[in-house]
Amino acid sequence: VLCHSYLFAGMMEGLFSILSFFCVFWANGVNLADLCFPDSRLFFSGSDAPIFRSNGRDYSADEQTKILSVGNSAVYANIILCQMFHIWFCRTRATSVTQHPLFT
């Protein structure tokens, strides 16, 4: 049971969490290559000048902080949802998911 939790469910949960984090940046117009391999080391400098550029758009420190906060929230929400579904699926190993009541 622990092997299943850590090796299968934990890996899937981690993968989906990282994917949701990067999807938030992608939805806000940040190119993932610029995020992983930036040519500038000046993230979050706090000045009003645009300090990060991706896909021809400049991102201020406030915009970067907002996108990062939403990305972190997506990761935490994804962890909670994955754990809820994992508990539900572990409870229904003997019967089909469609035949098992939701709150018993």
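Everything quoted here is computed from the prediction, not taken from an experiment. (Residues numbered from 1 in each chain as written. Predicted model: local features only at pLDDT ≥ 70, side-chain atom pairs only at ≥ 80, totals over all residues. Heavy atoms only, no water.)

Draft legend 1. Main features of the pattern of salt bridges. On inspection of all chains with the given rule, the structure shows one salt bridge. Put simply, R57 and E63 hold a salt bridge, and the shortest N to O gap is 2.8 Å. Residue classification places E63 among the partly exposed residues on the basis of a relative accessible area of 29%. (Salt bridge = Lys/Arg side-chain N within 4 Å of Asp/Glu carboxyl O. Buried < 20%, exposed > 50% of the residue type's maximum accessible area, 1.4 Å probe, protein only.)

Draft legend 2. The arrangement of the side chain of S20 in detail. By secondary structure assignment, the location of S20 is in helix 1 (residues 2–27). Apart from the residues lying within four places of it in its own chain, the contact partners of S20 are A74, V75 and N78. (Helix = DSSP H or I, 4+ residues; strand = E, 2+ residues; numbered from the N terminus. Contact = heavy atoms within 4.5 Å.)

Draft legend 3. Region of interest: the packing of aromatic side chains. Counted by the stated rule, this structure contains two aromatic pairs. Residues F21 and F22 carry aromatic rings whose centres are separated by 5.8 Å and whose planes lie at 70° to one another, so their mutual orientation is edge-to-face. Residue class for F22 comes out partly exposed when judged on its relative accessible area of 26%. These aromatic residues form a ring-pair network of at least three members: F21, F22 and F25. (Phe/Tyr/Trp six-rings, centres within 6.5 Å; stacked < 30°, edge-to-face > 60°.)

Draft legend 4. Here's a closer look at the nonpolar core. Counting residues in hydrophobic clusters, the biggest one holds six residues: V24, F25, V30, F52, Y59 and I67. When neighbours within four sequence positions are excluded, I67 is seen to be in contact with V24, F25, N28, V30 and Y59. (Core = buried A, V, L, I, M, F, W, Y, C linked by side-chain atoms within 4.5 Å.)

Draft legend 5. Structural detail: a nonpolar patch on the surface. On the surface, F8, M12, L15, F16 and L19 cluster together to form a nonpolar patch covering roughly 490 Å² of accessible area. Tracing the sequence through the fold places L15 in helix 1. Relative accessible area serves as the criterion here: at 51%, L15 is assigned to the exposed category. (Patch = residues over 30% accessible without salt bridge, like charges linked within 9 Å, V, L, I, M, F, W, Y side chains within 5 Å. Areas by Shrake-Rupley, 256 points an atom, 1.4 Å probe, with all protein chains shown as cover.)

Draft legend 6. Local environment of the environment of N72. Inspection of the secondary structure puts N72 in helix 3 (residues 61–91). Separated by 52 residues in the primary sequence, N72 and S20 place their C-alpha atoms 9.1 Å from one another.

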